[in-house]
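Below, each chain spelled out in residue letters.
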Amino acid sequence: MKFSTNIKCDGCIATVGPVLDKAVGPAHWQVDLSNPQRILTVDTQAVSAAQIQQVLREVGYQADEIAVA
């Protein structure tokens, strides 16, 4: 799954890291800070896109799912 986010910096990653680690595991997500859309990639089938969006909302971040062709 891929999401456009408002994660801007390493400080933001430090905030979302613990909740994403708990939700999907530390080796199953990454954020591309060099991309203007700050793409969050989640590599797991264990949770839904809605669940990812919810855990990010809980710590003050937004994630909009990107359709992957």
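First, a word on scope: everything that follows refers to the structure included in this document. (Residues numbered from 1 in each chain as written. Predicted model: local features only at pLDDT ≥ 70, side-chain atom pairs only at ≥ 80, totals over all residues. Heavy atoms only, no water.)

A look at the side chain of threonine 5
Part 1 of the argument: Its place among the elements puts threonine 5 in strand 1 (residues 2-5).
Part 2 of the argument: Within polar-contact distance, the side chain of threonine 5 engages the backbone nitrogen of isoleucine 7 at 3.2 Å.
Part 3 of the argument: One polar contact links the side chain of threonine 5 to the main-chain carbonyl oxygen of arginine 38, over a distance of 2.7 Å.
Part 4 of the argument: With near-sequence residues (within four places) excluded, threonine 5 lies in contact with Gln37, Arg38, Leu40, Gln62 and Ala63. (Helix = DSSP H or I, 4+ residues; strand = E, 2+ residues; numbered from the N terminus. Polar contact = N/O pair within 3.5 Å; in protein donor to acceptor, adjacent residues only side chain to side chain. Contact = heavy atoms within 4.5 Å.)

Side note on the nonpolar core
Part 1 of the argument: Membership of the largest hydrophobic core comes to 17 residues, with the highest contact counts inside it found for Phe3, Leu20, Trp29, Leu40, Val42, Ile52 and Leu56.
Part 2 of the argument: Every element with two or more residues in this core is listed here: helix 1 (10-24), strand 2 (29-32), strand 3 (39-42) and helix 2 (49-58).
Part 3 of the argument: Those residues in contact with leucine 40 that lie beyond four places of it in its chain are Met1, Lys2, Phe3, Thr5, Leu20, Trp29, Gln30, Val31, Ile52 and Leu56. (Core = buried A, V, L, I, M, F, W, Y, C linked by side-chain atoms within 4.5 Å. Buried < 20%, exposed > 50% of the residue type's maximum accessible area, 1.4 Å probe, protein only.)

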